[in-house]
Amino acid sequence: MDPVRPEFLPDPALSRDEMEALQYDVADAADWSDAFDFDAQEVSLDGEASLSGDRPLVAGVDQAFLDDRGVSAIVVARGDTVVERVHAVTDLEIPYIPGLLSFREGGPIVAAFEKLSCDPDLLVFDGSGRIHFRQAGLATHLGVVFDKPSVGVAKSLLCGHPTEDVDGRPEGWRAEILADDSVENADSGDPIGHAFQSRQYDTEPIINPLYVSPGHRVSVPTATTLVSQLCGGYKLPEPTRQADAYADDVKAEYR
DNA sequence: GCGACAG
DNA sequence: ATCTTGTCGC
């Protein structure tokens, strides 16, 4: 897969101001409506009740690190059948800076996508999409670069505020994340994602919710519904879990 | 100055 | 993200 919008590639050599300016442009180029009609049956993991051939190809993307190198792993599956796995390792040029994650990890991610020969219908990233200071988190940025429907799944909240207390919620619960003053290109109060309880025990320990947000070509409610369909009994969506495991394997070999 | 901050 | 033992429970 080659970048469809190379002008938006996350270049780590840019100045901080240039990075932020690019993020505004990325957000303007992003589409947060439902361009694709993902219906429940089509995305579900177990295909017993659906037409397996019609279910979309979903790519999970995850990163791991070795010293100053980044590993990006992509696992593409249709239902529970893995179709392709690719990875790339590149030097990391800049440190982790909240809000600029795509410029740190974009190198290995783009390199991995360029090795991908299939054409996924949906990209699932570990990190935020619209839940970001300029609504241009990792999932938004790379979704726009490759012009693919994408969702961001984060384990903690970067910015914005949930409409309700998120503690100890039952499985399936969701609450909107509303933009606050830190989201520079949104009105305060705009829904930019969801807190979503993908798994919960009857007793302790209490599991924290996921923070799901649209990357590109997906709406806030659809992003969360897609993630709920991809969580096969675990906290994280299955594509993310598989990419995570693959990234660990790759990491062990480059060591 | 203070607080907050994906991976 | 990463560094790590033991521990609880199905």
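Residues numbered from 1 in each chain as written. Chains lettered and ligands numbered in written order. Predicted model: local features only at pLDDT ≥ 70, side-chain atom pairs only at ≥ 80, totals over all residues. Heavy atoms only, no water.

- For chain A, an unreviewed UniProt entry supplies the name Endonuclease V and the organism Halogeometricum borinquense.
- UniProt annotates chain A under Sequence similarities (unreviewed entry) with the comment "Belongs to the endonuclease V family."
- Per UniProt, chain A has the following entry under Subcellular location (unreviewed entry): "Cytoplasm". (UniProt positions renumbered as here; feature names shortened; annotations may be inferred.)

1. Some remarks on the sheet that holds strand β1 (residues 57-66)
Then step 1. With mixed pairing, 9 strands are arranged side by side in an open sheet as β3-β2-β1-β4-β5-β9-β8-β7-β6. Strand pairing shows two members of the sheet lacking a second neighbour, β3 (81-91) and β6 (161-162), which therefore form its edges.
Then step 2. Helix α4 (residues 138-146) contacts β1, β4 (122-126), β5 (150-154) and β9 (210-216) of the sheet and is inclined by roughly 25 degrees relative to β9. (Pairing = 2+ DSSP bridges. Helix = DSSP H or I, 4+ residues; strand = E, 2+ residues; numbered from the N terminus. Contact = heavy atoms within 4.5 Å. Axes fitted to C-alpha atoms, helices over the stretch in contact; angles between N-to-C directions.)

2. Here we look at helix α5 (residues 220-230)
Then step 1. The element α5 is largely enclosed, with a buried count of 8 among its 11 residues.
Then step 2. Burial in α5 covers these residues: Val220, Thr222, Ala223, Thr224, Leu226, Val227, Gln229 and Leu230. (Buried < 20%, exposed > 50% of the residue type's maximum accessible area, 1.4 Å probe, protein only.)

3. Observations concerning the protein's contact with DNA strand B
Then step 1. Not every one of the 17 residues close to DNA strand B is listed here, only the nearest: Tyr96, Gly99, Leu101, Asp126 and Lys155.
Then step 2. Gly99 places a main-chain nitrogen or oxygen 3.1 Å from a base nitrogen of DNA strand B.
Then step 3. Interatomic distance of 2.8 Å between a backbone N/O atom of Lys155 and a phosphate oxygen of DNA strand B.
Then step 4. Across the surface near DNA strand B, the residue classes break down as 9 nonpolar, 6 polar and 2 charged. (Near = heavy atom within 4 Å. Polar contact = N/O pair within 3.5 Å; in protein donor to acceptor, adjacent residues only side chain to side chain. Nonpolar A, V, L, I, M, F, W, Y, C, P; charged D, E, K, R; others polar.)

4. Focus: the nonpolar core
Then step 1. Counting 31 residues, the largest nonpolar core has Ile74, Phe113 and Phe125 as the members making the most contacts within it.
Then step 2. Looking at this core, the elements with two or more residues in it are α1 (16-29), β1, β2 (69-78), β3, α3 (101-115), β4 and α4.
Then step 3. Considering every element that reaches this core, the biggest residue donor is α4, with 6 residues.
Then step 4. Phe38, Leu210, Ala223 and Val227 belong to the second largest nonpolar core, which has 15 residues in total. (Core = buried A, V, L, I, M, F, W, Y, C linked by side-chain atoms within 4.5 Å.)

5. Examining the packing of α3 against α4
Then step 1. Relative orientation of the contacting elements α3 and α4 amounts to 40 degrees, with a least axis distance of 10 Å. One way to sum up the angle between α3 and α4 is to call them oblique. For the element pair α3 and α4, the recorded crossing hand is right-handed. Contacts from Leu101, Ser102, Phe103, Glu105, Ile109, Val110 and Phe113 of α3 reach α4 at Leu138, His141, Leu142 and Phe146.
Then step 2. Looking at side-chain class alone, the contact of α3 with α4 contains 8 nonpolar, 2 polar and 1 charged residues. (Parallel < 35°, antiparallel > 145°, perpendicular 65-115°, else oblique. Left-handed = near helix turned anticlockwise from the far one by under 90°.)

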